[in-house]
Amino acid sequence: MKKLFQIEKKSHKGLFAFEWVVVAYLILTLAIILFAYTKIQHPDAMIFGRLRIAAIIAALWTVYRLVPCQLTRLFRVAAQMALLAWWYPDTYEINRLLPNLDHLFAGWEQQFFHCQPALLFSQVMPQPWFSELMCLGYASYYPLMAVVLLYYFFLREKEFMQATFILMGAFFVYYVIFIILPVTGPQYYYLAVGTDQIAKGVFPALGDYFNTHQEALPVPGWNNGLFYHLVEDAHNAGERPTAAFPSSHVGITTVLLLLAVRARSCRLVAFILPFFLLMFAATVYIQAHYLIDAIAGLITGAIFFLLFHHLARYCEKRTA
């Protein structure tokens, strides 16, 4: 514990790499908001939100400069990780300006698999134990991030900032994709069209329908389960008709698994792997994503891990 409060001899003077990722995303989206100011519904609130985040970054930087130690470094990471939940619904406020694309993705799903896996999965496996297993996998999303980052913080101290940069970098690339690809996923699209029509292979274009409609299908499965209610409460609290393709849940869990492999910890890999498999299945089971979203999440997660891993190593060499 003493190491947490030990003053660093060579403290980092500027922003950390993961904070530059946040700043870059903040500036990019601020430019979009200003450009489309008259079309966005809550532009002032979005601008002030970004100013508050900039103030948080500055305040935490100041605290760290006054007391440069592992604990204040951790506070900087924890604050930006916590703010990811704020950034997520923010993507909806921007991408709602664009026409919905779910009809294309549902159509591709039908072409590839000759059915709608998200519609059938929970019907084929309605058992309470299986439903709870799926909801457990989906609910493990944020706890898994905490486990991996804390593992690096305490046991791979020198690689902690790299791991944070890789994770945050992947997150914000996903958010950029969600802004330009307005896909809501089955839970919204199926309800809007009607599951009877979906079952018949009818996938109409809905244009700007989700600009004014945010109703979603209830989470399928055993509705008396503990993890079922955790997932349902999370959906009710912060879900929006956005961010379906690719699945960031699968993508980020892929990044976490690869970070566990990178740490060369068999125990950490053995812990993450079952949740990774559950997450892949759960995103389709609870109708948050099409199966092609989950597959794309797996592929992009691996790509983003490699991309930001190499970027982190490159930046280290430049500053060495």
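What counts and how
Residues numbered from 1 in each chain as written. Predicted model: local features only at pLDDT ≥ 70, side-chain atom pairs only at ≥ 80, totals over all residues. Heavy atoms only, no water. Core = buried A, V, L, I, M, F, W, Y, C linked by side-chain atoms within 4.5 Å. Buried < 20%, exposed > 50% of the residue type's maximum accessible area, 1.4 Å probe, protein only. Helix = DSSP H or I, 4+ residues; strand = E, 2+ residues; numbered from the N terminus. Contact = heavy atoms within 4.5 Å. Salt bridge = Lys/Arg side-chain N within 4 Å of Asp/Glu carboxyl O.

S.K.: Is there a simple way to think about the nonpolar core in this case?
M.R.: Within soluble globular proteins, side chains that are nonpolar tend to cluster in buried spots. W87, L167, F171, F172, Y175 and I252 are the most contacted members of the largest nonpolar core, which totals 77 residues. Broken down by element, this core gets its largest block of residues, 15 residues, from helix α10 (residues 160-180). Sequence-distant contacts of I252, that is, excluding residues within four places in its chain, are made with Y141, M145, L167, A170, F171 and Y174. In terms of nonpolar packing, the next biggest core, distinct from the first, is built from 21 residues, F105, Y189, V193 and L291 among them.

S.K.: Hey, could you run me through the pattern of salt bridges in this one?
M.R.: Pairing is possible between side chains of opposite charge, provided their charged atoms come close. In the structure shown here, the tally under the stated rule is 5 salt bridges. For R76, the salt bridge identified is with E19, shortest N-O distance 2.6 Å. Placement of R76 in helix α4 (residues 70-82) and of E19 in helix α2 (residues 17-35) is noted, with a sequence separation of 57 residues between them. Overall, the relative accessible area of 0% leaves R76 in the buried class. Residue E19 is classed as buried on the basis of its relative accessible area of 1%. For E93, the salt bridge goes to R96, with nearest N and O atoms at 2.8 Å.

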